[in-house]
Amino acid sequence: MGKIVGIDLGTTNSLVAIMEGKEVKVISNKHGSNLTPSVVGFTDKGERLVGQLAKRQAIVNPKNTVYSIKRFIGRRRHEVTEEEKMFPYEVVGGPDEPAKVRIRDKMLTPQEISAMVLTDLKETAEAYLGEKVTEAVITCPAYFNEAQREATKEAGRIAGFDVKRVFPEPTAAALAFGANRKKGLQKIAVYDLGGGTFDISILEIDNEVIQVLSVNGNTHLGGDDFDQRLMNHVIDEFKKEHRIDLRKDARALQRLKEACERAKCDLSSMQETEINLPYIAGQDLHLTVKITRAQLERLIGDLIESSLKPCEKALADAKVQAKDIEEVVLVGGSTRIPMVQRVVREFFGKEPNRSVNPDEAVAIGAAIQAAILSGDAKEILLLDVNPLSLGLKVEGGLFVPLISRNSAIPTEKKQVFSTATDNQPAVTIEVFQGERPMAEDNRKLGQFDLEDIPPAPRGVPKIEVTFALDANGILSVKAKDLGTTKEKQLTIKGTTGLSEDEIKRKVKEAEEYGEKDRQRKDLAEARNQADHALYAIEKFLRESGEKLSSDDRKKIEGAVERLRKAKEKDDVAEIKRAMDEVATAPHEFSRKLYEQAAAQAKTETKPDGEGPEKGKKEGEKIIDADFETK
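All figures in this text were calculated on a predicted structure; none of them were measured in a lab.

### A closer look at the overall build of the chain
The number of helices and strands found in the chain is 14 helices and 27 strands. In the chain, buried positions account for 50% of the 630 residues. By sequence separation, contacts in the chain at least 24 residues apart represent 63% of the contacts at least 6 residues apart. Surface accessibility of the chain: about 31,200 Å² in total, with carbon and sulfur atoms responsible for 48%.

### What about the packing of aromatic side chains?
Scanning all chains against the criterion turns up seven aromatic pairs. A ring pair is formed by F347 and F348, whose centres lie 4.9 Å apart and whose planes are at 80°; its orientation type is edge-to-face. Judged by relative accessible area, F348 falls into the buried class, the value being 3%. Three or more aromatic residues joined by ring pairs form one cluster here, namely Y67, F72, F87 and Y89. Over the face of the ring belonging to F161 we find K122, whose NZ or CZ atom lies 6.0 Å from the ring centre.

### Some points on the nonpolar core
Membership of the largest hydrophobic core comes to 48 residues, with the highest contact counts inside it found for I202, I275 and L287. Counting residues per element, this core draws most heavily on helix α5 (residues 223-242), which supplies six residues. Apart from residues lying up to four places away in sequence, I202 is in contact with I188, A189, Q211, V212, L213, S214, A314, L315, A318, V320 and I325.

### Considerations on the packing of helix α7 (residues 293-306) against helix α8 (residues 308-318)
Look at α7 against α8: their axes get within 4 Å of each other, and the N-to-C directions meet at 10°. With respect to each other, α7 and α8 are oriented roughly parallel. Residues I304, E305 and S306 of α7 form the contact with α8, whose own contacting residues are L308, K309 and P310.

### Notes on the sheet that holds strand β10 (residues 106-108)
Judged by pairing direction, the sheet is antiparallel, and its three strands sit side by side in the order β8-β9-β10 without closing on themselves. Looking at which strands have only one partner, the edges of the open sheet turn out to be β8 (90-92) and β10. Across the sheet, the axes of successive neighbouring strands diverge by a mean angle of 40°, strand direction being ignored. In this sheet, strand β9 (residues 100-103) lies alongside β8 in antiparallel orientation, the contact comprising three bridges. Across the sheet, the residue bridging to V92 is K100, located in β9.

### Here's the deal with the pattern of salt bridges
Going through the model one piece at a time under the given rule, you end up with 43 salt bridges. Put simply, R247 and D245 hold a salt bridge, and the shortest N to O gap is 3.3 Å. Put simply, R71, R75, E83, D224 and D225 are held in one network by salt bridges that share partners.

### Quick look at helix α2 (residues 110-129)
For α2, with 20 residues, the first-to-last C-alpha span of 28 Å sits near the 28 Å given by 1.5 Å per residue. A large share of α2 lies buried, amounting to 17 of its 20 residues. G130 sits one or two residues past α2 and shows a positive phi near 70°.

### Some remarks on the sheet that holds strand β6 (residues 48-50)
In a beta sheet, neighbouring strands are held together by backbone hydrogen bonds and run either parallel or antiparallel to one another. Ordered in space as β6-β5-β7, the three strands form an open sheet in which the pairing is antiparallel. In this open sheet, the two edge strands, each paired with only one partner strand, are β6 and β7 (65-67). Strand-to-strand twist of the sheet, defined as the mean angle between neighbouring strand axes without regard to direction, takes the value 15°. Sheet topology note: the strand β5 (residues 39-42)/β6 ladder contains three bridges and is antiparallel. Each bridged residue has a counterpart across the sheet, and for F42 the counterpart in β6 is R48. Here α2 sits on the sheet and contacts β5, β6 and β7; the angle it forms with β5, its principal contact strand, is near 105°.

### Quick notes on the pairing of strand β14 (residues 198-206)
Within β14, eight of the nine residues are buried, which leaves the element mostly enclosed by the surrounding structure. Direction of pairing for strand β13 (residues 185-193) relative to β14: antiparallel, over a ladder of nine bridges. Within β14, the residue paired with I188 across the bridge is L203. What sits between β13 and β14 in their antiparallel hairpin is a turn of four residues. Here β14 pairs with strand β15 (residues 209-218) via nine bridges, running antiparallel. Within the sheet, the bridge partner assigned to D206 lies in β15 and is V209. The turn joining β14 and β15, which pair antiparallel and follow one another in sequence, is formed by two residues; a positive phi near 55° is taken by N207.

### Re the packing of helix α4 (residues 169-178) against helix α10 (residues 361-374)
The contact between α4 and α10 brings their axes to 7 Å, and the two run at 80°. With respect to each other, α4 and α10 are oriented roughly perpendicular. Each of E169, A172, A173, L175 and A176 in α4 lies in contact with α10, whose residues at this interface are A361, V362, I364, G365, A366, I368 and Q369. Of the residues assigned to the contact of α4 with α10, the class counts are nine nonpolar, two polar and one charged.

### Topic: α4
Burial analysis of α4 places 10 of its 10 residues in the buried class, which makes it a mostly covered element. All buried positions along α4 are accounted for by E169, P170, T171, A172, A173, A174, L175, A176, F177 and G178.

### Some points on the environment of K567
Following the sequence through the fold, K567 ends up in helix α12 (residues 550-567). By relative accessible area, which is 18% here, K567 ends up buried. Spatially, the C-alpha atom of K567 lies 9.8 Å from that of Q529, the residues being 38 residues apart in sequence. When sequence neighbours within four positions are dropped, the list of residues in contact with K567 reads R527, A530, D531, L534 and I575.

### Here we look at the side chain of T419
The residue T419 is located in the loop between β22 (411-417) and β23 (427-433) in this model. A relative accessible area of 7% means that T419 is categorised as buried. With residues up to four places along the chain from it excluded, the contact list for T419 reads Q424, V427, P457, R458, G459 and P461.

### Side note on the pairing of strand β17 (residues 287-292)
Of the two faces of β17, the one holding L287, V289 and I291 is buried and the one holding T288, K290 and T292 is not buried anywhere. Here strand β16 (residues 272-277) pairs with β17 via six bridges, running antiparallel. Bridge pairing in β17 links E272 to T292.

### Topic: unusual backbone geometry
The omega torsion across I409 and P410 is 5°, close enough to zero to call that bond cis. Residue position: P410 is located in the loop between β21 (398-403) and β22. Phi angles above zero are rare outside glycine, and R104 is one such case at about 55°. With a phi angle near 65°, N406 is a residue other than glycine that sits in the positive phi range. Here N406 shows up in the loop between β21 and β22. Classification of N406 as buried rests on a relative accessible area of 11%.

How each quantity is defined
Residues numbered from 1 in each chain as written. Predicted model: local features only at pLDDT ≥ 70, side-chain atom pairs only at ≥ 80, totals over all residues. Heavy atoms only, no water. Helix = DSSP H or I, 4+ residues; strand = E, 2+ residues; numbered from the N terminus. Buried < 20%, exposed > 50% of the residue type's maximum accessible area, 1.4 Å probe, protein only. Contact = heavy atoms within 4.5 Å. Areas by Shrake-Rupley, 256 points an atom, 1.4 Å probe, with all protein chains shown as cover. Phe/Tyr/Trp six-rings, centres within 6.5 Å; stacked < 30°, edge-to-face > 60°. Lys NZ or Arg CZ within 6 Å of the ring centre and 35° of its normal. Core = buried A, V, L, I, M, F, W, Y, C linked by side-chain atoms within 4.5 Å. Axes fitted to C-alpha atoms, helices over the stretch in contact; angles between N-to-C directions. Parallel < 35°, antiparallel > 145°, perpendicular 65-115°, else oblique. Pairing = 2+ DSSP bridges. Salt bridge = Lys/Arg side-chain N within 4 Å of Asp/Glu carboxyl O. Expected span 1.5 Å × (residues − 1). Nonpolar A, V, L, I, M, F, W, Y, C, P; charged D, E, K, R; others polar.

Right, here's the structure in full:
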């Protein structure tokens, strides 16, 4: 088995890591950074840019630059009505359809956008390891539902990975924390606040056993929301002063978003900072505003405080109190905000543990899990839980949970139901996930019919329904008529809107897109080499051109002109042929120069036909030396 990489597919940044011996290596990308921005840009020339390159051009190309796509993955359009207002790109789809992004005349799913980021990470890992990488453990928020988990897995498949496991981020962080912790029984809380999601997990670690006791969270809360609050404040202040609403200018909004994100980060270490954006609305209007840490805290304080309600629920579900928690581990870039640290400290009554890098902890844990799966690390027993209740729709549209939230997995639950009308020939098993009392308010995962039930009064037939949830979060639902033993089964992996055929088609499209990317890269490199070749030959002509015969000069200038024309075309092979011609064109001239210099030297050292010994004066020394002909 080859190397399995661990990937933290983040809202704001993503990372890839690998276990090397007993240590985890977070792999730097081609820009020398461990963090790759989860950003994809599409230029008007049809080029696809990922990571830092995409982020750099976002201001001039806001509508075709996609970021924070994790907030949309595995979700229907009606679930993201607030999120889509936060971004300049267009989110499309019917209310009950999966959310998609429109880039010019093409519709792209969040899985495809995420796959582009994953492909970039895959190439980063392959460049470092010097071999193909085809297997990965990819993390996701613990509070993701089945559809979001399955969509994350689909993104990995589209990128060319065999996804061994979609792994909860807090559990990954607990693995990273547990790698260097003291031995013995310990209850810990992992408070994970990233760019777009919030998770709280209560875990128990006992040497090589990690048991998740409970999870909770908010998949609509993160650093993006903090940025948005600050942006709205600055926009409103600018509007009061200049009567111009910057919300109507996509480029101005993108500039402001980046400036507010920087200001938020600055205020984690400073008490005051300044947002300064010249020419924000025309040639003579500049935006300059001072922001203090106290102001930022007033703007986002309620959002940070809202994270405590899930913490309370998680503690209650785990049947522990805050004082029972021995370590609180902070994960996610947003936990660098001083107010977040203060609120967490006050809630749990202890100083948060910052021994793990909040940006890298999840990727490190994913790499450890990958090493366990490949046999490169000692086995650690992970006992996870089901984040959201799973159950059925019954008469009256009610939701009846069979597997409650925070049930240890794998698990299996059974319950007997009956018919609602006399002589009912079939029952429809509708499977939902969520915590609302009415089924329709929860996420529907699938349905099937159990038919050919013998005629009988309502309430007489006994239909046994079994829910079985495995360690990978795959749910199998079986309905059995206990009277006839007739049964039917359905395996549910989460409904994402993509069929198996569509996934295969998108895998092929990604491969084709990847090949186009490689061709564009080869073309760019060939053009760069051509520029170097033209510079060198032009320097040669300037310095030695007067020594050329008219035929030699004509030949070289012809080769130069052919290379200039080839450089403007999209044919790499033609550019290389033209470069070869430019490289060889001066060779004949150089050979002639060398022969002339040699003949001249021969004449000078042999006057009157005498050899060098006879032409030497008495007592004169002959010095051996290397000469460079210019």
